[in-house]
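# Coordinate inspection notes
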Amino acid sequence: MEYLIDNQKYGVHHLTNSGYAKGYEIALEIANIMQKPTSLIEHVSASNVPNASPMRSKSECLMTIYEHNVMRHWKDALKEYVTKYISLKSIDYRISESKPNIWKARDCCRLCGSFNLHTFFKLEATPPANHVVSTPIHQPLIPLTLSICKECNHVQLLEIIHPTYLYSTYIYLSSISPRMIKHLEHSILAFTHRFKIKKEDPILEIGANDGIFIKELLSHCYHNVIGVDPAQNIHKLHNLPIICDYFGKNIVTNSDISNKKFKLIYGFHCCAHIENINDVFDTVYELLDDDGVFIIEVGYFNDVLQHYNFDVVYHEHIDYHTCYAMDQFSKKHHMILFDVERNDIQS
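Conventions and cut-offs
- Residues numbered from 1 in each chain as written.
- Predicted model: local features only at pLDDT ≥ 70, side-chain atom pairs only at ≥ 80, totals over all residues.
- Heavy atoms only, no water.
- Axes fitted to C-alpha atoms, helices over the stretch in contact; angles between N-to-C directions.
- Helix = DSSP H or I, 4+ residues; strand = E, 2+ residues; numbered from the N terminus.
- Parallel < 35°, antiparallel > 145°, perpendicular 65-115°, else oblique.
- Left-handed = near helix turned anticlockwise from the far one by under 90°.
- Contact = heavy atoms within 4.5 Å.
- Nonpolar A, V, L, I, M, F, W, Y, C, P; charged D, E, K, R; others polar.
- Buried < 20%, exposed > 50% of the residue type's maximum accessible area, 1.4 Å probe, protein only.
- Pairing = 2+ DSSP bridges.
- Right-handed = clockwise from strand over helix to strand, strands pointing away.
- Phe/Tyr/Trp six-rings, centres within 6.5 Å; stacked < 30°, edge-to-face > 60°.
- pLDDT = per-residue confidence, 0-100.

## With respect to the packing of helix α8 (residues 277–287) against helix α10 (residues 323–332)
In the contact formed by α8 and α10, the axes pass within 10 Å of each other and the chain directions differ by 55 degrees. Regarding the angle of α8 to α10, the classification is oblique. Crossing of α8 against α10: the hand is right-handed. Judged by residue contacts, I277, N278 and F281 of α8 engage M326, F329, S330 and K332 from α10. Residue composition of the contact of α8 with α10, grouped by class: four nonpolar, two polar and one charged.

## Structural notes on the side chain of D319
Within the secondary structure, D319 is located in strand β11 (residues 319–320). A relative accessible area of 3% means that D319 is categorised as buried. Apart from residues no more than four positions distant in its own chain, D319 is found in contact with R110, H154, V155, Q156, C271, A272 and I274.

## Details of the side chain of S174
By secondary structure assignment, the location of S174 is in the loop between α4 (163–167) and α5 (178–194). For S174, a relative accessible area of 12% corresponds to the buried category. Every residue in contact with S174, bar those within four places of it in the chain, is listed here: M180, I181, L184, N209, D210 and I212.

## Section: the sheet that holds β11
One open sheet holds the four strands; their spatial order is β2-β3-β4-β11, and the pairing between them is antiparallel. One side of each edge strand has no neighbouring strand; the edge strands of this open sheet are β2 (117–126) and β11. Pairing of β2 with strand β3 (residues 142–149), which is carried by seven bridges, proceeds in the antiparallel orientation. Note on β3: the bridge partner recorded for F121 is L146.

## What about the pairing of strand β10 (residues 288–297)?
As paired elements, strand β9 (residues 262–268) and β10 share six bridges and run parallel to each other. From the neighbouring strand, I265 faces β10, where its bridge partner is F294. You can see the chain leave β9, run along α8 and come back into β10, and the turn it takes is right-handed.

## Some points on unusual backbone geometry
At K196, a position not held by glycine, the phi torsion is positive, near 55 degrees. With respect to the element layout, K196 can be found in the loop between α5 and β6 (203–206). One non-glycine residue, C221, lies in the positive phi region at around 70 degrees. Looking at where C221 falls in the secondary structure, it is placed in the loop between α6 (212–219) and β7 (225–229).

## Section: the packing of aromatic side chains
Tallied over the full model, the rule gives nine aromatic pairs. Judged by centre distance (5.3 Å) and plane angle (80 degrees), the rings of F281 and F294 are edge-to-face. Linking F281 in helix α8 with F294 in strand β10, this pair joins segments that are 13 residues apart in sequence. Relative accessible area serves as the criterion here: at 3%, F281 is assigned to the buried category.

## Quick word on the environment of S87
Looking at where S87 falls in the secondary structure, it is placed in helix α3 (residues 74–89). For S87, a relative accessible area of 9% gives the class buried. For S87, the contacting residues outside a window of four places in its chain are A125 and P143.

## Quick notes on the confidence of the model for the chain
Averaged over all residues, the pLDDT of the chain equals 84, while 88% of them reach at least 70. Below a pLDDT of 50 lies the segment residues 92–99, which in the model reaches 28 contacts outside its immediate sequence neighbourhood of four places, other chains included.

Quick look at the structure:
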């Protein structure tokens, strides 16, 4: 169209994709794209198709006599259309771009378990975030579907990527951001001061990453500290007291954690990444001292909404928290949300 306009080639132009196809052939191609058995498609004559258009001969098919009018083959166009349509509709099946079995679609609320979910926003399907490659390779395209639970009002992503695919090797380090380092160091000292944490009190960090918090605590003589983080590549970079594992019930029997009751458990920017958040809260409740405190820092959905921060919607961020939903969820796990502070560390 751009060529026709720029070169003032006015008139009636008929544009069609290259190649010939009957409806039956198009249906077979759609089945192949969707990796569905072609046996599901039945060949029938046009006379048995309601409202079928008149049969045309090949001599009536439109063909161009100009090179600038040549369009790609109909199979290529059809594949792009079907793939994009499926992504936008979030239909749960594995198209060719998503062959690796690394994700699934959630059908109930992550916090309360209700199936009463309402989808309100969809982004274009993308490869998994933070999977940077050194050479071009074909990566799976995975939808991004935001839904809200009609029962507890929790906002969440429906597509769940297997955690070992996302976090066994993790490229983000807390220590690469001077602003984040300053924020974390200030926060941990504020916590220990406010809640009168003693030097010998057990302290546990969820999602310790490369140990910025742990280092700060040790430098101030808090010697009974332990972290948990699953990234194997990051674990090789330090000799800090950080267990290389996922946090949950599986961690309770670890020799560095068992028989301890923690005065402070905290997790910064990790609780929005965890699929089984119920397991996390159950484990926190089991490990927390009777007068202990559990502190998390997460993105606030109201800020995402008000500031149009759609760029924070990607496959690592599966939860978008609100005070109401978190208050209800905490009570479910025998804890009370008693204080909330707001910051702009992640805009």
